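# Observations on chain architecture
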Amino acid sequence: MAELSIKKLTKSFGGLTAVSNVSLEIKTGELVGLIGPNGAGKTTVFNLLTGIYEPTSGEITFEHDGRKTRLNKLKPYRISKAGIARTFQNIRLFRDLTVLDNVRIAMHQNAGYGLLAGFLHLPAHALEEKRIIEESINLLDIFNLSEKKNEMARNLPYGEQRRLEIVRALATGPSLLLLDEPAAGMNLGETAQLTETIAQLRDRFDLTVLLIEHDMSLVMRICERIYVMDYGSMIAEGAPEEIKANPRVIKAYLGEDVANA
Amino acid sequence: MSVKELVKKPVLRKGIGLGAVFIIVQLLLMTGVMNDYYFATLVTICINIILASSLNLITGFTGQLSLGHAGFMSIGAYTCAIFMMNVPPGWGVGAFLAGVLLGAVAAGVVGLLVGLPTLRLRGDYLAIATLGLSEIIRIIMVNLDITNGAAGLSGVPRFVNWIWLFVFTAGVVLLIANFLNSKHGRACKAIREDEIAADTMGVNTTRYKVIAFIVGAFSAGIAGALYASYFYVIKPDLFGFLKSVDILVIVVLGGLGSLSGSILAAILLAVMSSLLQSFAEIRMVLYAVMLVAIMIFRPQGLMGSKEISLALLKKFGKNLTFKKKRV
């Protein structure tokens with residue numbers, strides 16, 4: 001079953017076509033990588049998938065538990081509700097709120113009480129808040145962040161901010177997780193640890209994962225399939241071994257001369 | 001801890017605090033220590049607390065800069081005044097309560113109508129749109145017959161006493177505090193921090209911006225109605241741009257994103273203003289100097305984005321004793 005299917009997706013900003021005719025399909029439970037040189041349009045694909053940009057043309061459909069959703073014109077919060085969560089390449093935490101609040105906000109759509117209960121602090125509010133705090137701390141525990149739950153997000157070191165972004169995405173209860181360069185700026189040890197965590201997450205939370213990453217050690221190690229973009233177009237798709245040997249990919253990354261040598 | 005305990009504890013603490021404030025002021029009034037002049041200052045303080053808390057919800061917590069808060073206050077004041085002056089005298093205090101409610105609802109409805117289109121604007125643009133809105137409201141009040149034009153309405157029945165003042169002020173502040181301390185309040189703060197991230201994490205950002213705006217407008221309507229029913233006279237100029245700025249000054253001074261800061265600043269400014277009465281000529285100059293001084297030494301406002309809580313007071317107390325020991 002295809003979890004996510006993108007057909008002939010195009011996005012132009014005025015005269016610039018950032019993504020052109022891109023098609024992609026991900027099956028439930030897969031761990032797929034999306035790679036390409038800087039400016040290839042990978043993050044734009046993520047922004048189209050999460051409703052931050054509206055596609056110029058093409059179709060995006062997401063299917064989960066037998067429910068099919070067309071994502072093209074949906075607002076980001078609706079896409080989040082449908083079951084897609086993401087992290088951001090340039091960390092976008094709620095900087096002046098606590099670590100715990102960052103996670104609790106992501107549980108917003110699953111908090112079962114309305115405006116009235118919020119204003120009057122009816123019992124439903126207390127019950128749900130208690131549950132949300134427990135679940136948030138459980139999630140933070142997985143990433144060794146629960147001890148910092150009362151710190152402001154902006155005061156966390158860089159690596160922990162990246163991890164908090166993943167926790168926050170998981171807190172929305174997604175079935176498809178989009179990770180935008182999760183290992184950016186991490187050292188070798190941290191990257192290796194993160195690689196393990198991502199693989200474990202997929203099994204533990206029954207996730208489908210699509211990740212953008214420049215760190216090839218991470219991509220080649222855990223991705224089952226890899227898509228390669230260059231100048232807004234999809235230039236290759238296949239298993240890690242195939243991608244490594246694909247002349248178009250080598251050309252895109254290293255230039256014409258090396259590819260011919 | 002059982003659910004019951006969880007619900008009861010903070011409520012109990014708040015209740016004791018509020019009850020104490022109510023009883024102390026009531027005693028001061030009964031013994032005559034608090035004369036009419038002081039009481040008028042108290043009314044101003046309470047109205048300013050309502051105005052500042054509700055503007056803080058919009059600007060400090062949700063991050064939407066609004067320069068038109070006096071406009072909503074004006075709608076509340078005029079609606080309540082016109083209603084009270086046109087119902088039979090036999091209605092008594094019922095006329096007042098219905099008037100306050102009507103004024104608040106009218107302001108809330110205008111907030112909704114204006115919020116839907118303007119909240120798509122960000123930052124400076126929203127500020128200018130809300131500024132324009134309050135000017136439009138002022139000009140409408142100047143030109144309508146029912147509002148008696150620039151001369152305004154006088155002889156509004158006075159029903160505001162300490163009990164009603166307390167009920168409405170405490171009520172508004174408590175409801176806003178509860179709202180902020182729920183998933184709805186967190187959604188508002190998320191919008192302030194990063195609108196795109198909030199949207200991506202499942203927060204319907206338009207909805208929450210509009211809700212914050214409506215709750216803010218509704219509360220400002222209550223403040224306006226209380227004003228009308230205490231000060232007899234209302235006229236359009238009272239609710240001009242400068243009034244909006246006054247409210248914003250309280251919010252910024254107290255700290256954007258601190259409800260207790262807004263309350264503290266509302267009290268402090270009123271006290272400052274009365275203390276300066278004796279320096280009639282240079283009063284406004286001194287007032288401005290004080291504001292500048294506070295902004296230089298506390299640019300984040302008196303409270304920053306913190307709230308006054310037992311934990312904070314304990315920490316403060318510890319610091320004090322620590323310093324004493326070192327001396």
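Residues numbered from 1 in each chain as written. Chains lettered and ligands numbered in written order. Predicted model: local features only at pLDDT ≥ 70, side-chain atom pairs only at ≥ 80, totals over all residues.

### Some thoughts on the overall build of chain B
Per the secondary structure count, chain B includes 13 helices and zero strands. In sequence order, the secondary structure elements of chain B are arranged as α-α-α-α-α-α-α-α-α-α-α-α-α. Relative to the globule expectation of 20 Å for 327 residues, the C-alpha radius of gyration of chain B, 20 Å, shows essentially globular dimensions. Each principal axis of the C-alpha distribution contributes one length, and for chain B these read about 65 × 55 × 50 Å. Out of the 327 residues in chain B, the part that is buried amounts to 44%. Counted over contacts in chain B with a minimum sequence separation of 6, partners at least 24 positions apart contribute 81%. (Helix = DSSP H or I, 4+ residues; strand = E, 2+ residues; numbered from the N terminus. Rg over C-alpha atoms; globule rule 2.2 N^0.38 Å. Buried ≥ 20, exposed ≤ 12 C-beta atoms within 10 Å, placed from the backbone. Contact = placed C-beta atoms within 7 Å.)

### Let's talk about the overall build of chain A
For chain A, the helix and strand inventory stands at eleven helices and ten strands. Relative to the globule expectation of 18 Å for 261 residues, the C-alpha radius of gyration of chain A, 19 Å, shows essentially globular dimensions. Considering only C-alpha atoms, chain A reaches an extent of 70 × 40 × 35 Å along its principal axes.

### Quick notes on the sheet that holds strand β4 (residues 57-64) of chain A
Residue and element names in this part refer to chain A. Read across the open sheet, the four strands follow the order β2-β1-β4-β5; overall the sheet is antiparallel. The open sheet terminates on both sides in strands that have one partner only, identified here as β2 (16-27) and β5 (67-70). The average angle at which neighbouring strand axes cross in this sheet is 15°, direction not considered. Direction of pairing for strand β1 (residues 2-13) relative to β2: antiparallel, over a ladder of eight bridges. Opposite A2, over in β2, you have K27 as the bridge partner. (Pairing = 2+ DSSP bridges. Axes fitted to C-alpha atoms, helices over the stretch in contact; angles between N-to-C directions.)

### Details of the interface of chain B and chain A
Listed as interface residues are 24 residues of chain B and, on the opposing side, 33 residues of chain A. Secondary-structure elements contributing two or more residues to the side of chain B that touches chain A are α1 (3-31), α6 (162-180), α7 (183-193) and α8 (195-200) of chain B. The biggest single contributor to the side of chain B that touches chain A is α7 of chain B, with seven residues. Per-class residue counts for the side of chain B that touches chain A are eleven nonpolar, seven polar and six charged. (Nonpolar A, V, L, I, M, F, W, Y, C, P; charged D, E, K, R; others polar.)

### Considerations on helix α2 (residues 36-61) of chain B
Between the first and last C-alpha of α2 of chain B there are 35 Å, a value that for 26 residues agrees with the 38 Å anticipated at 1.5 Å per step. At the C-terminal side of α2 of chain B, G63 of chain B shows a positive phi close to 80°. (Expected span 1.5 Å × (residues − 1).)

### Re unusual backbone geometry
Residues and elements named next belong to chain A. Notably, E181 is not glycine yet its phi reads approximately 50°, a positive angle. Along the polypeptide, E181 turns up in the loop between β7 (176-180) and α7 (188-205). One non-glycine residue, Y231, lies in positive phi territory at about 45°. Mapped onto the fold, Y231 is located in the loop between β9 (225-230) and β10 (233-238). You can call Y231 partly exposed: it has 14 C-beta atoms within 10 Å.

### Some words on the pairing of β10 of chain A
Every regular strand shows the same layout, with side chains that alternate between the two sheet faces. Residues and elements named next belong to chain A. Bridge count for β9 against β10 is five bridges, and the pairing is antiparallel. Looking across to β10, one finds that D230 is bridged to S233. The turn linking β9 back onto β10 is made up of two residues, and Y231 within it adopts a positive phi angle of 45°.

### Points about the sheet that holds strand β6 (residues 84-86) of chain A
Either a parallel or an antiparallel arrangement is found when strands of a sheet pair, and the pairing is made through backbone hydrogen bonds. All names here are of chain A. Across the sheet, six strands lie side by side as β6-β7-β8-β3-β9-β10; this open sheet has mixed pairing. Each having just a single partner strand, β6 and β10 make up the two edges of the open sheet. Each neighbouring strand pair of the sheet contributes to a mean axis angle of 20°, computed without reference to strand direction. Summarising the sheet, β7 and strand β8 (residues 208-212) pair through five bridges and their orientation is parallel. Paired with L176 across the bridge in β8 is T208.

### With respect to the packing of helix α3 (residues 69-86) of chain B against helix α9 (residues 205-231) of chain B
All names here are of chain B. α9 packs onto α3 with a crossing angle of 50° between their chain directions and a minimal axis gap of 6 Å. One finds that α3 runs oblique with respect to α9. In this structure, α3 meets α9 at a crossing whose hand is right-handed. Taken together, the residues of α9 that come into contact with α3 (itself represented by H69, F72, M73, S74, I75, G76, A77, C80, A81 and M84) are A217, A220, G221, I222, A223, G224, A225, Y227, A228 and S229. Here the contact of α3 with α9 is built from residues that sort into 14 nonpolar, six polar and no charged. (Parallel < 35°, antiparallel > 145°, perpendicular 65-115°, else oblique. Left-handed = near helix turned anticlockwise from the far one by under 90°.)

### As for the packing of α2 of chain B against α6 of chain B
Residue and element names in this part refer to chain B. At a closest axis distance of 9 Å, the pairing of α2 and α6 adopts a crossing angle of 15°. Considered as vectors, α2 and α6 are oriented roughly parallel to each other. The two elements α2 and α6 meet at a crossing, and its hand is left-handed. On α6, the residues touching V43, C46, I49, I50, S53, S54, L57 and F61 of α2 are L165, T169, V172, V173, I176 and L180.

### A short note on the environment of C46 of chain B
All names here are of chain B. Here C46 shows up in helix α2. A tally of 27 C-beta atoms within 10 Å means that C46 is categorised as buried. Sequence spacing of C46 and I234 is 188 residues, and the spatial spacing of their C-alpha atoms is 18 Å. C46 has contacts with L165 and T169, leaving out every residue within four places of it along the chain.

### Side note on the nonpolar core
Of all hydrophobic cores here, the largest spans 161 residues; its most connected members are A77, A81, I222 and L226 of chain B. For this core, the leading source of residues is α9 of chain B, giving 16 residues. A domain split of this core shows at least three residues from each of domain 1 (1-83 + 175-261) and domain 2 (93-173) of chain A. (Core = buried A, V, L, I, M, F, W, Y, C linked by C-beta atoms within 7 Å. Domains from an automatic or database assignment.)

### Considerations on the domain arrangement of chain A
All names here are of chain A. When cut into domains, chain A gives domain 1 (1-83 + 175-261) and domain 2 (93-173). Computed over C-alpha atoms, the centres of domain 1 and domain 2 are 27 Å apart. Taken together, the eight residues of domain 1 in the interface contact eight residues of domain 2. Looking at the side of domain 1 that touches domain 2 residue by residue, the class counts come to four nonpolar, two polar and two charged.

### Description of the environment of E147 of chain A
Residues and elements named next belong to chain A. Positionally, E147 belongs in the loop between α5 (123-142) and α6 (158-171). For E147, a count of 10 C-beta atoms within 10 Å gives the class exposed. Expressed as a C-alpha distance, the spacing of E147 and I26, which sit 121 residues apart in the sequence, is 36 Å.

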